[in-house]
Amino acid sequence: MPTVNIDGKKIEVEDGLTVIQAAERLGIEIPHYCWHPGLSISGNCRMCLVEIEKQPKLQIACNTRVAEGMVVQTGSERTKAAQRAVLEFLLLNHPIDCPVCDQAGECKLQEYYMDYDRQRSRMALPDKVRKHKAVPIGPLVMLDQERCILCARCTRFVDEVTKTHELAIFERGNHCEVALAPGKTLDNPYSANVVDICPVGALTSRDFRFRARVWYLQKTDAVCGACANGCNIEIFHREGRIYRFQPRANPDVNQYWMCDAGRLSCHGLQGESRLLEVLTRGTDSFAVGEWESAVGGLASTLRDPAGGVAFVVSAQSPNEELYLLRRLAARAGAMVAGVSWSPADATGDDFLVKADKNPNTAGLRLFGLDGGASLDAVWDAIEAGRVRVLVLHRSDVVGWASGASKRVREALERVPYVAVLDTHGSETAQYANLVLPLATYAEVDGTVTNHAGRVQRLREAVPPPGAARAGWSVLADVVARLEPGLTIASAEQVFTAMAAEVPALAGIDHAGIGPHGVSVRA
Ligand code: SF4
């Protein structure tokens, strides 16, 4: 365990750590372009040059390992001169695009120019080497060759992470450029990660570019809901509108990356298909209802159902909802079908993407809801007249049924009372007596459990639209009517209650889950 002194601060670190990583632990930022913790060390940009005692030449911090007694200066005059020289070199042929570049606000060239350079260019504008601009190189990525600083992050990503080799660096000297390899398109399932790691505006997102200036956006830590992997993400949003998902580093789940399908799933969370009102069935159409009477009506139906009750609960539900549904079903003496449904053509890979397209299948297991009744058993019970009340929670049973939808439709027509609790409108909701609009995972506090049994936090990034409400709060209201005296006012309180009841969650404190989640037996 060598001890190293960086800018007068001492730190003991493990063998093999680089100077840039040791400085990071001390909160000292060493500027860099080509180094990325998820890629091999390239050492080409030279921006991280530092002065090391007893070394005659400046050394790159990204590829210099710490040694016992090493003394490093990251802000000495020699280092500052080197940083200015590197920036002048990198900016030599860079176009004056900042006012129209979509990377503005998150461009490392722009930021480091202000922090470490601030010199006038000695290169006359007409002498700059011109290259291709705004070239679509894949469904999600736009390339501007002039802006590229040849850090090789993107080429290392496609060589080392996806191993698909779509990008390469061609030519020499001033004419060096990143381009597609012959016959290739950047269309691998993780292609948009190159946009995140490109430190400048050379690779931009065709999905996001020019939709918003990033300095107007807020970001909230979240977990992607597109499959059971539970990749850690940041949701970028403004005034209630979601603009993009970007991966958030978690070494135990997704390292630094996310798949394109998960990234694009942000678009399905908002829009016209959302349920915005409480709806109650009138004689021949739905009428807009009130939460108070709707929740009261559902609670009294469950208290006195005049027959059997069945719940269909999907693995789209966060843990808090699963816990409350289990409690509610026990009160109502209901049969419960816990369903983890994915499209028949859903596929996964051996990296991040799982064939299970539900964020919380492990949650169903955690609460013992996976081993109950099957969906077929629910339809059998309805056909036999044994079920008179059906609660469908985040369960589009008609959409799931495909070839068997005739049977499902007939069952839904036959059962006297159907309550649908969901985020989006669907054909299933057309059969409901009561429709309760719920919030999506981007609109609630809560937790989900990924395929490996990692419990991770959801946070409310944007408010639910219209009259939609967090599922835990709706269910807590219904449970409270069946269990007088019970008050649950937050997702945290639901978590505390379930941690006291579910052995796998015993001892886990909601506030202590942390940004990377905690592992449980699921
Ligand atoms: Fe680096 Fe971006 Fe150029 Fe790729 S396109 S080499 S990531 S600057």
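One structure accompanies this document, and this report is about it. Here the structure is a predicted model, which is why all the values come from computation and not from measurement.

Cut-off values and rules
Residues numbered from 1 in each chain as written. Predicted model: local features only at pLDDT ≥ 70, side-chain atom pairs only at ≥ 80, totals over all residues. Heavy atoms only, no water. Helix = DSSP H or I, 4+ residues; strand = E, 2+ residues; numbered from the N terminus. Buried < 20%, exposed > 50% of the residue type's maximum accessible area, 1.4 Å probe, protein only. Contact = heavy atoms within 4.5 Å. Areas by Shrake-Rupley, 256 points an atom, 1.4 Å probe, with all protein chains shown as cover. Lys, Arg positive; Asp, Glu negative; His and termini not counted. Charge placed at Lys NZ, Arg CZ, Asp CG, Glu CD. Near = heavy atom within 4 Å. Nonpolar A, V, L, I, M, F, W, Y, C, P; charged D, E, K, R; others polar. 1 Å grid on protein atoms, 1.4 Å probe; cavity = no way out; pocket = protein on both sides within 12 Å on 5 of 7 lines; lining within 4 Å. Points joined across faces, edges and corners; volume = space filled by probe spheres on them. Expected span 1.5 Å × (residues − 1). Axes fitted to C-alpha atoms, helices over the stretch in contact; angles between N-to-C directions. Parallel < 35°, antiparallel > 145°, perpendicular 65-115°, else oblique. Left-handed = near helix turned anticlockwise from the far one by under 90°. Phe/Tyr/Trp six-rings, centres within 6.5 Å; stacked < 30°, edge-to-face > 60°. Pairing = 2+ DSSP bridges.

## Focus on the overall build of the protein chain
Helices and strands together make up the secondary structure of the protein chain, namely 14 helices and 23 strands. The principal-axis extents of the C-alpha atoms in the protein chain amount to approximately 85 × 50 × 35 Å. In the protein chain, which comprises 522 residues, the share counted as buried stands at 54%. When contacts within the protein chain are restricted to residue pairs at least 6 apart in sequence, those whose partners lie at least 24 apart make up 65%. Of the accessible surface of the protein chain, which amounts to about 22700 Å², a share of 51% is contributed by carbon and sulfur atoms. Looking at the protein chain, you have 56 positive and 62 negative side-chain charges, and the mean spots of the two groups are 3 Å apart.

## Structural notes on the site of the ligand
Close to the ligand lie Cys-148, Ile-149, Leu-150, Cys-151, Ala-152, Arg-153, Cys-154, Val-178, Cys-198, Val-200, Ala-202 and Leu-203, which account for all nearby residues. Within the shell around the ligand, the residues separate by chemical class into eleven nonpolar, no polar and one charged.

## Here's the deal with the layout of surface pockets
Taken as a whole, the largest pocket spans an internal volume of roughly 1100 Å³. Around the largest pocket, the lining is made up of 44 residues, and of these His-36, Arg-153, Asp-196, Ile-197 and Gln-246 lie nearest the centre. Among the elements of the structure, α1 (19-25), α3 (108-117), α5 (193-197), β10 (203-205), β12 (232-238), β13 (241-247) and α6 (260-264) are those that each provide at least two residues to the lining of the largest pocket. Looking at the lining of the largest pocket residue by residue, the classes come out as 23 nonpolar, seven polar and 14 charged.

## Let's talk about helix α13 (residues 471-482)
Along an α-helix, a turn takes 3.6 residues, which lines up residues three or four apart on a common side. Between its terminal C-alpha atoms α13 stretches 17 Å, which fits the 16 Å expected from twelve residues at 1.5 Å a residue. The element α13 is largely enclosed, with a buried count of nine among its twelve residues. Those residues of α13 that fall on the buried side of the exposure criterion are Gly-471, Trp-472, Ser-473, Val-474, Leu-475, Ala-476, Val-478, Val-479 and Leu-482. Structurally, α13 contributes buried residues whose contacts are with α7 (291-303), α8 (319-332), β18 (389-393), β19 (417-422), β20 (434-437) and α14 (491-501).

## Some points on the environment of Gly-38
Considering the arrangement of structural elements, one finds Gly-38 in the loop between α1 and β3 (49-52). Along the backbone, Gly-38 and Val-479 are 441 residues apart, and their C-alpha atoms lie at a distance of 46 Å. Setting aside chain neighbours within four positions, we find Gly-38 in contact with Val-161, Tyr-256 and Trp-257.

## Notes on the packing of α7 against α13
Where α7 meets α13, the closest approach of the two axes is 9 Å, and the angle between their N-to-C directions is 50 degrees. Considering their axes alone, α7 and α13 lie oblique with respect to each other. Seen along the crossing, α7 lies across α13 with a hand that is right-handed. For the pair formed by α7 and α13, the contact residues are Trp-291, Glu-292, Val-295, Gly-296, Leu-298, Ala-299, Leu-302 and Arg-303 on the first element and Val-474, Asp-477, Val-478, Arg-481 and Leu-482 on the second. Among the residues making up the contact of α7 with α13, the classes are represented as eight nonpolar, one polar and four charged.

## A short note on the packing of aromatic side chains
Tallying each qualifying case throughout the model produces eight aromatic pairs. Between the aromatic rings of Tyr-190 and Phe-351, the centroid separation amounts to 5.1 Å while the plane-to-plane angle is 55 degrees, which identifies the pairing as tilted. In this pair, Tyr-190 sits in the loop between β9 (177-180) and α5 while Phe-351 sits in the loop between β17 (335-339) and α9 (361-366), placing the two residues 161 residues apart along the sequence. With relative accessibility at 25%, the residue Phe-351 sits in the partly exposed group. An angle of 55 degrees between the planes, with centres 6.4 Å apart, marks the rings of Tyr-323 and Phe-367 as tilted.

## Brief notes about the sheet that holds β3
On the basis of which strands lie adjacent, the open sheet formed by five strands has the order β2-β1-β5-β3-β4 and mixed pairing. The sheet terminates laterally at β2 (9-12) and β4 (59-60), the two strands that pair on one side only. The pairing of strand β1 (residues 3-6) with β2 spans four bridges and is classified as antiparallel. Residue pairing for β2: Thr-3 is matched across the bridge by Glu-12. Sheet strands in contact with helix α2 (residues 77-91) are β3 and β5 (71-73), and its direction is about 160 degrees off that of β3.

## Remarks on the pairing of β20
In the case of a regular strand, side chains alternate between the two sheet surfaces. Burial along β20 is two-sided: Leu-434 and Leu-436 facing one way and Val-435 and Pro-437 facing the other are all buried. Here strand β14 (residues 278-281) runs beside β20; their pairing, made up of two bridges, is antiparallel. The residue of β20 that forms the bridge with Thr-280 is Leu-434. Sheet topology places β19 next to β20; four bridges connect them, and they run parallel. Its bridge partner being in β20, Leu-421 is matched across the sheet by Leu-436.

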